[in-house]
Amino acid sequence: MEDLGPVVWPPEPIRTERLVLREPEPRDRAAFIELLASPEVHTYLGGPRPRDELERELPGVPEQWPGSFVVDLDGAMIGQILLRRATGHSRPAAAGKADLGYLFLPRAWGSGYATEACAAALGWLDRALPGEAVVLTTQTANVGSMRLAAKLGFTEVERFEAWGAEQWLGMRSHL
């Protein structure tokens, strides 16, 4: 995966009704460790990373690169939105397109934050790179992620086997 290319980064914080999407800051490090070490978060992502490894290896400002948004609720990180170029994607239909990823802490699940944050990030991408198609890959067993993809306007391109499970590749064409 590579960054998105010619975008202004970091953008001004993106504000929604309840959330702020912003670049990562040092105060987010503990939340990133919690997110990356969470067995619940990584159920469909190959498992969590060991907390002690994250404590040692995560930089003071984690995930600080173009396309990485912290999702902030009332001044605290609850998740991350990732927008990257899918240059090394295993599926030809995805190669070279913008790729949407997201991770949210379990305490933030079920409140519509992922839909709100992803829609805001996609709106930013539509303004930054007009006409850009976006792909999203998730396990078909991840019912919540499949529902989110549909709400965001992604339509199925293909299903394939990878990492020991059926995967779903969807695309959102610029509207």
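Residues numbered from 1 in each chain as written. Predicted model: local features only at pLDDT ≥ 70, side-chain atom pairs only at ≥ 80, totals over all residues. Heavy atoms only, no water.

### Quick word on the packing of aromatic side chains
- For the structure on display, the rule yields three aromatic pairs.
- Relative to Phe 69, the ring of Trp 9 has its centre 5.0 Å away and its plane inclined at 70 degrees; by these criteria the two rings are edge-to-face. With Trp 9 in the segment before strand 1 (14-15) and Phe 69 in strand 3 (residues 68-73), the pair connects residues that are 60 residues apart, well separated along the chain.
- Residues Phe 69 and Trp 124 carry aromatic rings whose centres are separated by 5.2 Å and whose planes lie at 80 degrees to one another, so their mutual orientation is edge-to-face. (Phe/Tyr/Trp six-rings, centres within 6.5 Å; stacked < 30°, edge-to-face > 60°. Helix = DSSP H or I, 4+ residues; strand = E, 2+ residues; numbered from the N terminus.)

### Details of the environment of Ala 37
- Checked against the element boundaries, Ala 37 lands in helix 1 (residues 29-37).
- Residue Ala 37 is classed as buried on the basis of its relative accessible area of 13%.
- In this structure, the C-alpha to C-alpha distance between Ala 37 and Ala 93, residues 56 residues apart in sequence, is 31 Å.
- Beyond its immediate sequence surroundings of up to four residues, Ala 37 is in contact with Pro 48, Arg 49, Arg 51 and Leu 54. (Buried < 20%, exposed > 50% of the residue type's maximum accessible area, 1.4 Å probe, protein only. Contact = heavy atoms within 4.5 Å.)

### Looking at helix 3 (residues 113-128)
- For helix 3, built from 16 residues, the straight-helix expectation of 22 Å at 1.5 Å per residue is met to within 8% by its first-to-last C-alpha distance of 22 Å.
- Among all positions in helix 3, only Tyr 113, Glu 116, Ala 117, Cys 118, Ala 120, Ala 121, Leu 122, Gly 123, Trp 124, Leu 125 and Asp 126 are buried. (Expected span 1.5 Å × (residues − 1).)

### Digging into the sheet that holds strand 1
- Strand order in the open sheet made by the eight strands is 1-2-3-4-5-6-8-7, with mixed pairing throughout. Looking at strand neighbours, the two that pair on one side only are strand 1 and strand 7 (155-162), the edges of this open sheet.
- Judged from the six bridges that link them, strand 3 and strand 4 (residues 76-85) form a sheet pairing that is antiparallel. From the neighbouring strand, Val 71 faces strand 4, where its bridge partner is Gly 79. (Pairing = 2+ DSSP bridges.)

### Section: the pattern of salt bridges
- This model, assessed by the stated rule, comprises 16 salt bridges.
- The partner of Arg 172 in a salt bridge is Asp 126, and the shortest N-O contact between them spans 2.7 Å. Taken together, the positions of Arg 172 in strand 8 (residues 165-172) and Asp 126 in helix 3 put the pair 46 residues apart, joining distant regions of the chain. Like Asp 126, Arg 172 is buried.
- One salt bridge in this structure joins Arg 159 and Glu 156, with 3.1 Å as the shortest N-O distance.
- For Glu 156, a relative accessible area of 43% gives the class partly exposed.
- Members of the salt-bridge network, linked through shared partners, are Arg 22, Glu 25, Arg 27, Asp 28 and Asp 72. (Salt bridge = Lys/Arg side-chain N within 4 Å of Asp/Glu carboxyl O.)

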